[in-house]
Amino acid sequence: MNAAGADSRWWLGGLLAWAFIVAWLMFSPAPELGSSAPYADKLAHLGIFALAGAWVAWHETAWMRAWPWLLALMAYAVFTELVQHQLPTRSAELADGLADGLGILIGFAMVRGVRMRQGQSA
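Residues numbered from 1 in each chain as written. Predicted model: local features only at pLDDT ≥ 70, side-chain atom pairs only at ≥ 80, totals over all residues. Heavy atoms only, no water.

Attention now moves to the packing of helix α2 (residues 40-59) against helix α3 (residues 63-86). One can describe the packing of α2 onto α3 by two numbers: an axis separation of 10 Å at closest approach and a directional angle of 155°. It follows that α2 is roughly antiparallel to α3 by the angle criterion. In this structure, the crossing between α2 and α3 has a hand that is right-handed. Of the residues in α3, those in contact with H45, F49, A52, G53 and V56 of α2 are A66, W69, L70, L73, Y76, A77 and E81. Class assignment of the residues belonging to the contact of α2 with α3 gives a composition of nine nonpolar, two polar and one charged. (Axes fitted to C-alpha atoms, helices over the stretch in contact; angles between N-to-C directions. Helix = DSSP H or I, 4+ residues; strand = E, 2+ residues; numbered from the N terminus. Parallel < 35°, antiparallel > 145°, perpendicular 65-115°, else oblique. Left-handed = near helix turned anticlockwise from the far one by under 90°. Contact = heavy atoms within 4.5 Å. Nonpolar A, V, L, I, M, F, W, Y, C, P; charged D, E, K, R; others polar.)

Put into structure tokens, the structure is as follows:
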């Protein structure tokens, strides 16, 4: 197996591990937030999905190869909100989905920008 194939398997494995961790976090009973900071939940959604967007940009800097992955991440975000809507200890919110999508784009744009400045764009 060539190095590119091994790198792709590690990259995909990391993305799948992220998806399982997100599912566990989002489908477990909701923690009591009490007096948490305002918008902490939205910032958590943004950050978690920014990691995935950055992960995609690390592997696929070219927009034409990255957009199917980014679209799949957005579909996953919608899926998690739909599942949460069915859980008695969770709720679905449009604002969470928007934070997820914004996080995906921010993470992708940040890493893509850094890699393009370094001359690693494909």
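It is worth spelling out the pattern of salt bridges at this point. One pass over the full model with this rule turns up four salt bridges. One salt bridge connects K42 with D41, and the closest N-O pair in it is separated by 3.1 Å. By relative accessible area, which is 31% here, D41 ends up partly exposed. Between E60 and R65 there is a salt bridge, with its nearest N and O atoms 2.8 Å apart. Linked by salt bridges that have partners in common, D41, K42, E93 and D96 make up one network. (Salt bridge = Lys/Arg side-chain N within 4 Å of Asp/Glu carboxyl O. Buried < 20%, exposed > 50% of the residue type's maximum accessible area, 1.4 Å probe, protein only.)

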